[in-house]
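As a plain string of letters, each chain reads:
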Amino acid sequence: MAQISFPSQLKRLTERHPKPANYRFSYGTAGFRTNGSLLDSVLFRVGVLAGLRSKRLEGKTVGIMITASHNPEEDNGVKIVDPYGEMLEADWEIYATALANAPNTEMFIGFLDTIVCDQKIDLFQASKVVYARDTRPSGLLLVNALRDGLDAIGAIGRDEGICTTPILHYIVRCINTAGTRENYGEASAEGYYKKLSDAYRVLVEHQPTPPKLVVDCANGVGALALQQLAQHLFPILEFSSVNTDTENSSLLNHDCGADYVKTRQIWAPNVGNLIADGERGCALDGDADRLVYFYRDRGHFRLLDGDKIAALASIFITQLIEQSGLDTEKIYVGVVQTAYANGSSTKFYETRKLALECVPTGVKHLHHVAERFPIGIYFEANGHGTVLFSQPVLDAIYEREPISPTQAAALRYLKALANMINQAVGDALSDMLMVEAILAHMKFGPVEWDSLYLELPNRLVKIIVPDRSIFRTEDAERRLVSPSELQERMDDITFQYPQGRAFVRPSGTEDCVRLYAESTHRYQTDEMAYRLAGLIYDEVGGDPATRPPEFL
Ligand code: G16
């Protein structure tokens, strides 16, 4: 029973948003994510929790993004954004899961009571929450549930309407740094477009205008943002945007977008015909926080994924540091990857002796490790990522007096990069401008970029299993601990292939497990992936109806 005196409306409003019976929610890789029709109570409870988080942080503004990103249209999700635009602190994820699963109002209020006591929260402290949603139709109703949650705890809400996930993260950081030394920017979508485009203009000041860039917008909110950004960039960068239908929600992420292209490694149906030999294009995902590039090479589709983006950024930024006259002992690049990183990309950094870390999947894991480097580059192969400049590096860049035009230019470009690259979270639009600027500086086309290293052929397979929770991993998800002995059986297969490497892990955003496989040759990689997937189906008894024909 509650001992704390919560606002009187809390109980009444909680009753309006009952938890669906027999469903367990979990705060996964990117917050709560499932079929949108199940999420009403979760949104209400997340609203209450975000209000408490803001109170705990002495009234700093907390963000909430309602999105299911790359998932199909019927899904939706929600995640809490901490004051500097980073993902919610891990301890609070546990609170979020407990609150979302409280079976009734009494237990929900009982859990709140515990959180308030544990965290010594002053309920009289003012609290502020800024929220936004992507284009999914279920978002509208979910926003109403969220508003009830904010009212229930007495938090002041600010509605940013429909916007990309990275813009919401940007706004959160701007609000909380306003008036401080960092003063990240103007807290609005317009402020974001202006900040990015101003920095891009500096970066390409002496570069020729590149050919129009084809952008597959996944029929998601990125299409709307790109349209705005394009107005700020005209005529120095122009786009041919495709898959921009945000009205017909069934098209969202359907046969298009970054996840489709990365997983299938083929052209999205209406994109390939827009790209001539040697030309580049790129794809965003449903909420525009992932980016992959691709190009046509003698008729064939070639992918330039998050690993290739990170490699490009590492070379360019390292060059700028060397040209700037900054102390390269103190100011250097470190790279963070996940198990999905291609073996050749890992070798690329090892050969160059760059600091390198491997962490479990999820931006939240990569971001925190990247923050430990002077300049931390993190990218997941699926295209999530960014480059973080630490405060001492920014200080050094701004304080350094150049003694040559080369140094002056390098320092100017480093400043512009730090302004243009979203420091709060991976951001497809900001990353796209980074890639375009680097390609222009390095006089690289997609072929030169792709040849930084030769990727090992790889295959990503989504496997629907009856219960993904039985899959548990260790060593940054590279090895299975459970089901027992499955790893040994997988090893028996993997060892038969040259440079064979594979792992399987439960998804934190979809009801499936993901298998990754790579080896020296394409046909062997595919064969290995099919054998491993078959093994997994046999071991855990996947529903035959969901088993892709190639694994039967
Ligand atoms: C989210 C996370 C990413 C992660 C992806 C897939 O992306 O933010 O870090 O790589 O899910 O995760 P999983 O393999 O656990 O399903 P998004 O774009 O869906 O928000």
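Chemist: What exactly am I supposed to notice about the pattern of salt bridges here?
Modeler: For side chains bearing opposite charge, pairing can occur when the charged atoms are close. Inspection of every chain in the model, using the stated rule, returns 30 salt bridges. A salt bridge links R290 to D285; the nearest nitrogen and oxygen atoms lie 3.7 Å apart. A single burial state applies to R290 and to D285, both of which are buried. The partner of R478 in a salt bridge is D475, with the nearest N and O atoms 3.1 Å apart. By relative accessible area, R478 is classed as partly exposed at 33%. Judged by relative accessible area, D475 falls into the partly exposed class, the value being 42%. Taken together, the salt bridges that share partners define one network made up of R53, D82 and E89.

Chemist: Explanation requested: the packing of helix α17 (residues 486-494) against helix α18 (residues 522-540) in the structure shown.
Modeler: How two helices sit against one another is set out by the angle between their axes and by the gap between those axes. Where α17 contacts α18, the two axes come as close as 10 Å, and the packing angle between them is 155°. Of the possible angle classes, the one that applies to α17 and α18 is roughly antiparallel. For the pair α17 and α18, the crossing hand works out as right-handed. Between α17 and α18, the contacting residues are L486, R489, M490, I493 and T494 on the first element and M528, R531, L532, L535, I536 and E539 on the second. Grouping the amino acids of the contact of α17 with α18 by side-chain chemistry returns seven nonpolar, one polar and three charged.

Chemist: Honestly, the domain arrangement of the protein chain in this entry has me stumped. Any pointers?
Modeler: It is common to give the size of an interface as the accessible area lost on bringing the parts into contact. Domains assigned within the protein chain are domain 1 (9-162), domain 2 (191-306), domain 3 (307-450) and domain 4 (458-551). Each of domain 1 and domain 3 has a C-alpha centre, and the two are 33 Å apart. Listed as interface residues are seven residues of domain 1 and, on the opposing side, eight residues of domain 3. Across the interface of domain 1 and domain 3, roughly 580 Å² is buried in total on both sides, 61% from carbon and sulfur atoms. Counting across the interface, domain 1 meets domain 3 through one salt bridge. A salt bridge links K364 to E93; the nearest nitrogen and oxygen atoms lie 3.1 Å apart. At the surface where domain 1 touches domain 3, the tally comes to two residue pairs in polar contact (both at pLDDT 80 or more). Partitioned by chemical class, the residues of the side of domain 1 that touches domain 3 number two nonpolar, three polar and two charged.

Rules behind the numbers
- Residues numbered from 1 in each chain as written.
- Predicted model: local features only at pLDDT ≥ 70, side-chain atom pairs only at ≥ 80, totals over all residues.
- Heavy atoms only, no water.
- Salt bridge = Lys/Arg side-chain N within 4 Å of Asp/Glu carboxyl O.
- Buried < 20%, exposed > 50% of the residue type's maximum accessible area, 1.4 Å probe, protein only.
- Axes fitted to C-alpha atoms, helices over the stretch in contact; angles between N-to-C directions.
- Helix = DSSP H or I, 4+ residues; strand = E, 2+ residues; numbered from the N terminus.
- Parallel < 35°, antiparallel > 145°, perpendicular 65-115°, else oblique.
- Left-handed = near helix turned anticlockwise from the far one by under 90°.
- Contact = heavy atoms within 4.5 Å.
- Nonpolar A, V, L, I, M, F, W, Y, C, P; charged D, E, K, R; others polar.
- Domains from an automatic or database assignment.
- Buried area = accessible area lost by both parts, 1.4 Å probe.
- Polar contact = N/O pair within 3.5 Å; in protein donor to acceptor, adjacent residues only side chain to side chain.

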